[in-house]
Amino acid sequence: MLFSHWKASFFVSSNYRIFATKKKHNSHTTMNLELTIQNEVAKAIKELFGTEVELKSIQIQKTKKEFEGDVTVVTFPFTKVSRKSPEQTGEAIGTFLISQNPIITKFNVIKGFLNLSISAEYWTKLLIEINQQPQFGIMTPDEQAKVMMIEYSSPNTNKPLHLGHIRNNLLGYSIAEIQKANGWNVIKTNIVNDRGIHICKSMLAWKLFGNGETPQSTGMKGDHLVGKYYVVFDKAYKAEIKELMDKGLTEEDAKKKAPLILAAQNMLLAWENNDPEVYQLWQTMNGWVYEGFEVTYKKLGVDFDKIYYESQTYLEGKNKVEEGLAKGVFYQREDRSVWADLTPDGLDEKLLLRGDGTSVYMTQDIGTAKLRYDDYQISKMVYVVGNEQNYHFQVLALLLDKLGFSWGKDLVHFSYGMVELPEGKMKSREGTVVDADDLMQEMIDSAKETSLELGKLDNCTEQEIEEIARMIGLGALKYFILKVDPRKNMTFNPKESIDFNGNTGPFIQYTHARIKSVLRKANEMGVDYSSITFENIQLAEKESNLIQLVSEFPNVVKQAGDEFSPALIANYMYELVKEYNQFYHDFSILKEENEDCKKFRLVLSKTVGNTIQNGMKLLGIDVPERM
RNA sequence: GGUCCUGUAGUUCAAUGGAUAGAACAAGUGUUUCCUAAACACUAGAUCCGGGUUCGAUUCCCGGCGGGACUACCA
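What you see is a predicted model; the values in this text were computed from it and never measured.

**Overview of the overall build of chain A**
- In terms of regular secondary structure, chain A is built from 23 helices and 14 strands.
- With respect to the principal axes defined by its C-alpha atoms, chain A has extents near 90 × 65 × 45 Å.
- Within chain A, the proportion of its 627 residues that are buried is 53%.
- Of the contacts made within chain A by residues no fewer than 6 positions apart, 76% connect residues no fewer than 24 positions apart.
- Seen as two clouds, the 74 positive and the 85 negative side-chain charges of chain A have centres 3 Å apart.

Shown next as structure tokens:
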């Protein structure tokens, strides 16, 4: 029972769907073309065939490129009531529609598809409406907006961030922007995993082999320095294991009895007992890491409204577990360890407190969850965490529910796939990890090189060049990652650098820059296209298609929010930009002789540029004025 | 073994149950006296296998086969 509930809330909860549909995007009069057509078709069916049909059953889709028309009605479902062939049904409905509503100007029928052409007046009016809304498709949360807390990033403080973290951070930041645009009051949060055995490993190695090194003394970024000692620990630990195995121990025993791991465990115990020396070292080394992380986050362009530290939440978790034990929800074994028996729910038994009283990951997450709900009026809690932890969140939802938190079962685990290298998974021990700082810098350097080669930035100051290279390099990286369906594993090949051509961030940025350039020139020429009505404008198909595409933006934003998928925004951006580039290539804007037509194309360009900017913002990607 | 995710051109990615399965990269070719050629256009190339539901299946269901994750007193 509970399990099936969890399944429903696993990716997108059913509650959320209901809530989300109550919200409305920027209202507009001309805009709901789909609904208008559905109503007309329903009327037609009633008149022609004498049957009421549900609006939902009337499928409206965009007409495919190779056919004439703007929107298409699928007529197969109506053949039962019409008692005619799909073609005849389409003909009948088409004829009726044309006589009824002036915005439908033409139709053609191919197989079971009724293609309708929409009038130029409709499209131009629609464009004017959109042009008047700089934030078209983007909602602004008001005071009554419900709170959605989104946890992302969640680093450990024992090593620097890598490509996997980049995917997490970009997805988390982007989904936060998207949910804001859907009217949620979003709180971005980060849970820093600043305690535990792994931190002790770095600390111990530094203490034993560090010779007092600091970021200052070595010139290393703090997180990288600490990460170095994590690796040092691992090497020394491995050596000890090998030594013990040579003496005849099994691998399992050797791993448990190596002096280094025992020392690290002692250190963790000392930390939990507030040992001053250990605590001091912990604070110092974590401080180094935070300084390093701050630099990385800033460069990546992500931020947080509220940061939690597990060192401050794990005790709360222990309390809740002990409470659960007292209530009989959990049980204790002979060695004093505390467990939850989840076998009735189809899962295994789960450890919540070790025999020595120290807490585990799950304990901490319970405590963190409780603090958050004490701090905020949260309606929806979202965890942006890799799919390797699907089981963890399945268990967490169950445990929170058992502990009496009503919201536990409704949590959303925004689960995403791994970033893999062509050889397979990244492994820090084998040195195949792609470091976040290095990768960003490489992208920026490479963008700068390309820009200079193409001679695009000849009239720019050094500072402008740096800024544009940063936008392009990061744009390429972010788009590369966000355009992929979050659920899927993706491959990154460090040898083939990320492209700047084709379906890429820079392609979209470039289009924006070209639009801005045209608009600048229009201003220089003194063309005023600010307020204008378009009557009797002849629209090329490319132009009405563009307006139609732009008008779909709010739907895309909504869908991206419902499905937790920045990739939908990315794919839409690409489609829009590709369409605009064709238009740009085939038509003159500033050299168009017909003044009304020129102004129309300027407004169209401006609207497209604006949509690009708004859409890319949802992906956390900046768009340059020139490049 | 169990649970979950996933399988589409050589490669990386698309496709609310709808038309001839879209792009990009890589390969080959064309378009700059014209608003930025990081562009545009053209050529060639793909749904793992077998059933089922449907007027219609890449999509939904069942069964195989392949890839991945989890099933830790790591976080």
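**Looking at the pattern of salt bridges**
- Inspection of every chain in the model, using the stated rule, returns 35 salt bridges.
- The closest approach of N and O atoms between Lys62 and Glu575, which form a salt bridge, is 3.9 Å. Taken together, the positions of Lys62 in strand β1 (residues 60-62) and Glu575 in helix α22 (residues 566-586) put the pair 513 residues apart, joining distant regions of the chain.
- If you follow the salt bridges from partner to partner, you end up with Lys62, Glu552 and Glu575 in one network.

**Focus: the pairing of strand β6 (residues 185-192)**
- Among the eight residues of β6, seven are classified as buried, and the element is accordingly described as predominantly covered.
- Summarising the sheet, strand β5 (residues 147-151) and β6 pair through five bridges and their orientation is parallel. Looking at β6, one finds that Ile150 is bridged to Lys188.
- Handedness of the crossover is the feature at issue here: the chain leaves β5, passes through helix α7 (residues 163-181), returns alongside β6, and the resulting connection is right-handed.

**Some thoughts on helix α16 (residues 390-402)**
- Between its first and last C-alpha atoms α16 spans 19 Å; for 13 residues at 1.5 Å apiece the expected length is 18 Å, and the two agree.
- When α16 is considered as a whole, its buried residues turn out to be His392, Phe393, Gln394, Val395, Leu396, Ala397, Leu398, Leu399 and Leu400.

**Quick look at the sheet that holds strand β12 (residues 412-416)**
- Pairing in this open sheet of five strands is parallel, and the strands run β7-β6-β5-β11-β12 from one edge to the other. Two strands bound the open sheet, and with one partner strand each, they are β7 (306-309) and β12. On average, adjacent strands in this sheet sit at an angle of 25° to one another, irrespective of strand direction.
- Bridge count between β5 and strand β11 (residues 378-386): five bridges; the pairing is parallel. Across the sheet, residue Met148 finds its bridge partner in β11, namely Lys380.
- Strands β5, β6, β11 and β12 of the sheet are contacted by α7, whose axis makes an angle of about 160° with β6.
- Together, β6 and β7 form the strand contacts of helix α14 (residues 310-327), whose direction differs from that of β7 by roughly 65°.

**Observations concerning the side chain of Asn286**
- Within the secondary structure, Asn286 is located in helix α13 (residues 276-300).
- Beyond its immediate stretch of four places on either side in the chain, Asn286 contacts Thr157, Asp194 and Ile199.

**Comments concerning a negative patch on the surface**
- Together, Asp438, Glu442, Asp445, Glu449 and Glu453 make up a region of like negative charge exposed at the surface.
- Looking at Asp438, the relative accessible area reads 45%, which means it is partly exposed.

**Re the protein's contact with RNA strand B**
- As a matter of local geometry, RNA strand B sits amid 71 residues, with Asn193, Asp335, Lys456, Tyr510 and Phe587 nearest to it.
- Restricting attention to atoms of RNA strand B within 4 Å of the protein, one finds that 64% of them are sugar or phosphate atoms.
- A distance of 2.8 Å separates a base nitrogen of RNA strand B from a polar atom in the side chain of Ser451.
- Between RNA strand B and the protein, one listed contact pairs a phosphate oxygen with a backbone N or O atom of Gly502 at 3.4 Å.

**A closer look at the sheet that holds strand β8 (residues 331-332)**
- Strand order in the open sheet formed by three strands is β8-β9-β10, and the pairing between neighbours is antiparallel. Both outer strands of the open sheet, β8 and β10 (349-353), are each paired with one neighbouring strand and no more.
- Judged from the four bridges that link them, strand β9 (residues 338-341) and β10 form a sheet pairing that is antiparallel. By the bridge assignment for β10, Val338 is matched with Leu353.

**Overview of the packing of helix α15 (residues 361-375) against α16**
- Two numbers describe how α15 lies on α16: the axes approach to 11 Å, and their chain directions differ by 55°. As far as their axial angle goes, α16 and α15 are oblique. In the crossing of α15 with α16, the sense of the turn from one axis to the other is right-handed. Where α15 approaches α16, its residues Tyr361, Met362, Asp365, Ile366 and Ala369 are matched on the opposing element by His392, Phe393, Val395, Leu396, Leu399 and Leu400.

**Some words on α15**
- Look at α15: 21 Å from first C-alpha to last across 15 residues, which is about the 21 Å you get at 1.5 Å a residue.
- Burial analysis of α15 places twelve of its 15 residues in the buried class, which makes it a mostly covered element.
- If you check which residues of α15 are buried, you get Met362, Thr363, Gln364, Asp365, Ile366, Gly367, Thr368, Ala369, Lys370, Leu371, Arg372 and Tyr373.

**Topic: the packing of helix α21 (residues 553-563) against α22**
- Where α21 contacts α22, the two axes come as close as 8 Å, and the packing angle between them is 155°. Relative to α22, the element α21 lies roughly antiparallel. Contacts between α21 and α22 involve Phe553, Val556, Val557, Gln559, Ala560 and Glu563 from the former and Leu568, Ile569, Tyr572 and Met573 from the latter.
- Grouping the amino acids of the contact of α21 with α22 by side-chain chemistry returns eight nonpolar, one polar and one charged.

**Topic: the domain arrangement of chain A**
- Partitioning chain A into structural domains gives domain 1 (33-119), domain 2 (194-302), domain 3 (304-375) and domain 4 (447-618).
- Taken over C-alpha atoms, the centre of domain 1 sits 68 Å from the centre of domain 2.

**Concerning the side chain of Lys318**
- Examined against the element boundaries, Lys318 turns out to sit in helix α14.
- Assessed through its relative accessible area of 16%, Lys318 is described here as buried.
- Within polar-contact distance, the side chain of Lys318 engages the backbone oxygen of Gly357 at 3.0 Å.
- Other than its neighbours up to four places away in sequence, Lys318 contacts Glu272, Leu353, Gly357, Thr358, Ser359 and Thr363.

**A closer look at the environment of Tyr391**
- Examined against the element boundaries, Tyr391 turns out to sit in helix α16.
- Given the relative accessible area of 34%, Tyr391 is considered partly exposed.
- A sequence separation of 213 residues divides Tyr391 from Ile178, and the C-alpha atoms of the two residues are 26 Å apart.
- Those residues in contact with Tyr391 that sit more than four places away from it in its chain are Leu347 and Asp348.
- From its side chain, Tyr391 meets the backbone nitrogen of Asp348 in a polar contact 3.4 Å long.

**Examining a positive patch on the surface**
- Taken together, the side chains of Arg520, Lys521, Lys591 and Arg626 present a region of like positive charge at the surface.
- Within the secondary structure layout, Lys521 lies in helix α19 (residues 505-524).
- Residue class for Lys521 comes out partly exposed when judged on its relative accessible area of 44%.

Reading the values: the criteria
- Residues numbered from 1 in each chain as written.
- Chains lettered and ligands numbered in written order.
- Predicted model: local features only at pLDDT ≥ 70, side-chain atom pairs only at ≥ 80, totals over all residues.
- Heavy atoms only, no water.
- Helix = DSSP H or I, 4+ residues; strand = E, 2+ residues; numbered from the N terminus.
- Buried < 20%, exposed > 50% of the residue type's maximum accessible area, 1.4 Å probe, protein only.
- Contact = heavy atoms within 4.5 Å.
- Lys, Arg positive; Asp, Glu negative; His and termini not counted.
- Charge placed at Lys NZ, Arg CZ, Asp CG, Glu CD.
- Salt bridge = Lys/Arg side-chain N within 4 Å of Asp/Glu carboxyl O.
- Pairing = 2+ DSSP bridges.
- Right-handed = clockwise from strand over helix to strand, strands pointing away.
- Expected span 1.5 Å × (residues − 1).
- Axes fitted to C-alpha atoms, helices over the stretch in contact; angles between N-to-C directions.
- Patch = residues over 30% accessible without salt bridge, like charges linked within 9 Å, V, L, I, M, F, W, Y side chains within 5 Å.
- Areas by Shrake-Rupley, 256 points an atom, 1.4 Å probe, with all protein chains shown as cover.
- Near = heavy atom within 4 Å.
- Polar contact = N/O pair within 3.5 Å; in protein donor to acceptor, adjacent residues only side chain to side chain.
- Parallel < 35°, antiparallel > 145°, perpendicular 65-115°, else oblique.
- Left-handed = near helix turned anticlockwise from the far one by under 90°.
- Nonpolar A, V, L, I, M, F, W, Y, C, P; charged D, E, K, R; others polar.
- Domains from an automatic or database assignment.

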